[in-house]
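Fold and contact review
Single-letter residue listing:
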Amino acid sequence: MRIRSALTALAVVLAGLVASAGSSTAAGGTTAAYCGITWGSAEKSAGALSDAPLVEVRTGRHDCYDRVVFEFAGPVDGYAIGYGETWTEGEGLALSPYTAGGALLRVSLRAPAYDDDHLGTVPYAVGEHVGNLLRYPTLRDVVFGGSFEGYSTFAVGVRARLPFRVLVLAGPGTHSRVVLDVAHQW
């Protein structure tokens, strides 16, 4: 009788372990999404070419992802972002040797980084690093690739090939933003 009770108790414990292992890949099951993130890592693109100039680039850390914000002086909704080599606009120099990180996100914004008089609207020269990313879990580097014929390019170095999303946000005021979020893990 004692053996039967012990076996029943053991079966209950094992059943609980198997049920909780259902969210573990080691048990052959599925993995719960990190922070509910289901973005994926495929290239994302949308929108049309705009003449509203890029005026600011900034970064931020969040609990589940790191963020790069590209702010424009007017409405902008055009971008193409994906993993792979990034080239400087107008001259075709590869940025990977100059960009820190284990993986490289190629950011092409469908808007210029100059005004109607062709004067730069951001304080970066081609190849310059945009900000200090010390203590960022995912972001390693953001390098300006230049602006040519209405397109602006950045190389975003990240720790590894991770899920990302792109948001287009209105404001503040008449400005708009293209926001790139890169998850800390899968």
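Look up a bit, the structure's there.
The model shown is predicted, which means the values in this text are computed figures rather than measured ones.

Points about the side chain of T153
For T153, the position within the fold is in strand β7 (residues 151–158). Among the polar contacts made by the side chain of T153, one reaches the side chain of E89 at a distance of 2.4 Å.

Side note on the environment of L105
Within the element layout of this structure, L105 appears in strand β5 (residues 103–109). Taking the relative accessible area as the measure of exposure, L105 reaches 0% and is therefore buried. Between the C-alpha atom of L105 and that of R161, which follows or precedes it by 56 residues, the distance is 8.6 Å. For L105, the contacting residues outside a window of four places in its chain are I81, G82, Y83, T86, F154, A155, V156, V158, F164, L180 and V182.

Examining unusual backbone geometry
The amide bond that connects G171 to the next residue, P172, takes the cis arrangement and shows omega of 0 degrees. Inspection of the secondary structure assignment puts P172 in the loop between β8 (164–170) and β9 (176–183). Not every positive phi belongs to a glycine, and C35 is a case in point at roughly 55 degrees. Relative to the elements of secondary structure, C35 occurs in the loop between α1 (2–20) and β1 (44–46). Positioned with a positive phi, R135 is a non-glycine residue whose angle comes to about 70 degrees. When you line up the elements, R135 lands in the loop between β5 and β6 (139–148). Exposure remark for R135: the relative accessible area of 68% places this residue in the exposed category.

As for the pairing of strand β3 (residues 65–72)
Of all eight residues that make up β3, eight are buried, and the element is covered over most of its length. Covered by surrounding structure in β3 are Y65, R67, V69 and E71 together with D66, V68, F70 and F72, the residues of both alternating faces. Relative to β3, strand β2 (residues 54–61) runs antiparallel, the two sharing seven bridges. Among the inter-strand pairings, E56 is bridged to a residue of β3, identified as E71. The antiparallel hairpin formed by β2 and β3 contains three residues in its connecting segment. Pairing of β3 with β9 involves eight bridges; the strand directions are antiparallel. Paired with D66 across the strands is V182, a residue of β9.

Calculation criteria
- Residues numbered from 1 in each chain as written.
- Predicted model: local features only at pLDDT ≥ 70, side-chain atom pairs only at ≥ 80, totals over all residues.
- Heavy atoms only, no water.
- Helix = DSSP H or I, 4+ residues; strand = E, 2+ residues; numbered from the N terminus.
- Polar contact = N/O pair within 3.5 Å; in protein donor to acceptor, adjacent residues only side chain to side chain.
- Buried < 20%, exposed > 50% of the residue type's maximum accessible area, 1.4 Å probe, protein only.
- Contact = heavy atoms within 4.5 Å.
- Pairing = 2+ DSSP bridges.

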